[in-house]
Amino acid sequence: MSGWAGRRVLVTGHTGFKGSWLSLWLHALGAEVTGFALPPPSRPSLFETARIAELVRHVESDVRDLAAVRAVIEASQPEAIFHLAAQPLVRLSYREPVETYATNVMGTVHVLDAARRSPDVRAIVCVTSDKCYDNREWVWPYRESDPMGGHDPYSSSKGCAELVAAAWRNSFFAEDGPALATVRAGNVIGGGDWAEDRLVPDLVRAFEAGAAPLIRSPDAVRPWQHVLEALGGYLQIAERMLAGERRFADAWNFGPSDEDARPVGWIVERMRAAWGGGSAAAVADSGPRPHEAGLLRLDCSKARAALGWRPALSLDQALDWIVAWHKAVGDGTDARAVTLAQIADYAEASGQRLRHAA
């Protein structure tokens, strides 16, 4: 990675799992980061454990507040915006559909409309989801040109956010103004994720407690990938747009290799083996549950061809990194140091070397 030293960058959702990793990486690259988000969504959180508020200009607010979004963009004058703020959970979207649409759709509208009024913004990376597609549960992976959809409120809201971004790109950013890309990642996993109702954090909590993990849909297949794989793609897209290459203002998939789209049950057993210590076998959750996708794959040939992007970590490596992160932090190693070490290791493995020491 190059060209980030001294750049003004706004990260919405910087208190979340992905936003925390991204904020640390950008700071390590020398960027001047402003974060805009609600308080951390979990306790503990990577944001607090790694003391990220010490490294960024931390603004605690809500993307549903248009005036607040306009104010932070006016004050921070960002050259690049990474829009990650979202309600990210499928099952919560069934309980809170209005909040989900207000955050994921109107929050995106607020960020994009505030950005188009700023003379400083040159590149926007809007993070949606692999679940934005009209998922037919077929074996073929989805390409960026496939239709948007969504069975549940969360997935639908991310499809809507993609349509909003396309409308802004066509209506306001076609010839001038910021270059706008949307990015769709697989199921991102990594150390420091303590979110509720998410497989890997649920497994870590169970293993740490010596309890049997409770899992849903053991046969469901997802495109699992380490969080740094997706973030590395986002950074590459932003760099190309900042360099004036407007052809990168488009939709992009960032997912794992085909062999790393694995069922939930496989992840559970692989994590249990990596954790060691005789952790208890998983127990199936027999309670009622709303619909969730059973099969989802991404076609990432566009990013491979245009960016030269490809996964640097196998799924086995990603799971080992997660176990190593949590065991190191659990043994008292500084969470920021562990996270930055994994960022540096990933940057070297992927050829995206850090150009500015943290």
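Each value, and the rule that gives it
Residues numbered from 1 in each chain as written. Predicted model: local features only at pLDDT ≥ 70, side-chain atom pairs only at ≥ 80, totals over all residues. Heavy atoms only, no water. Helix = DSSP H or I, 4+ residues; strand = E, 2+ residues; numbered from the N terminus. Polar contact = N/O pair within 3.5 Å; in protein donor to acceptor, adjacent residues only side chain to side chain. Salt bridge = Lys/Arg side-chain N within 4 Å of Asp/Glu carboxyl O. Axes fitted to C-alpha atoms, helices over the stretch in contact; angles between N-to-C directions. Parallel < 35°, antiparallel > 145°, perpendicular 65-115°, else oblique. Left-handed = near helix turned anticlockwise from the far one by under 90°. Contact = heavy atoms within 4.5 Å. Nonpolar A, V, L, I, M, F, W, Y, C, P; charged D, E, K, R; others polar. Core = buried A, V, L, I, M, F, W, Y, C linked by side-chain atoms within 4.5 Å. Buried < 20%, exposed > 50% of the residue type's maximum accessible area, 1.4 Å probe, protein only.

Overview of the side chain of Asn 253
Looking at the element boundaries, Asn 253 is found in strand β10 (residues 251–254). Among the polar contacts made by the side chain of Asn 253, one reaches the side chain of Tyr 133 at a distance of 2.7 Å. At 3.0 Å, the side chain of Asn 253 and the backbone oxygen of Asp 299 are in polar contact.

Notes on the pattern of salt bridges
In this structure the tally under the stated criterion is 23 salt bridges. The salt bridge partner of Arg 198 is Asp 193, with a shortest N-O separation of 3.1 Å.

Here's the deal with the packing of helix α11 (residues 315–330) against helix α12 (residues 335–350)
Contact geometry of α11 with α12 gives a least axis separation of 9 Å together with a crossing angle of 155°. The pairing of α11 with α12 is recorded here as roughly antiparallel in orientation. In this structure, the crossing between α11 and α12 has a hand that is right-handed. In this structure, α11 uses Trp 321, Trp 325, Ala 328 and Val 329 to contact α12, whose residues at the interface are Ala 335, Val 338, Thr 339, Gln 342, Asp 345 and Tyr 346. Broken down by class, the residue content of the contact of α11 with α12 amounts to seven nonpolar, two polar and one charged.

Some thoughts on the nonpolar core
Counting residues in hydrophobic clusters, the biggest one holds 62 residues, and the most contacted among them are Trp 4, Leu 26, Phe 82 and Tyr 234. Those residues in contact with Phe 82 that sit more than four places away from it in its chain are Trp 4, Val 9, Leu 10, Val 11, Thr 12, Leu 22, Leu 26, Val 125, Tyr 234, Leu 235 and Ala 238. The next biggest cluster of nonpolar side chains, apart from the first, holds 24 residues, and it includes Val 69, Val 72, Ala 114 and Ala 165.

Let's talk about the packing of helix α5 (residues 97–116) against helix α6 (residues 153–171)
At a minimum axis distance of 9 Å, the contact between α5 and α6 shows a crossing angle of 15°. The angle between α5 and α6 falls in the class roughly parallel. The chirality of how α5 crosses α6 is right-handed. Across the interface between the two elements, Pro 97, Thr 100, Tyr 101, Asn 104, Val 105, Thr 108, Val 109, Leu 112, Asp 113 and Arg 116 from α5 touch Pro 153, Tyr 154, Ser 156, Ser 157, Lys 158, Cys 160, Ala 161, Val 164, Ala 165 and Trp 168 from α6.

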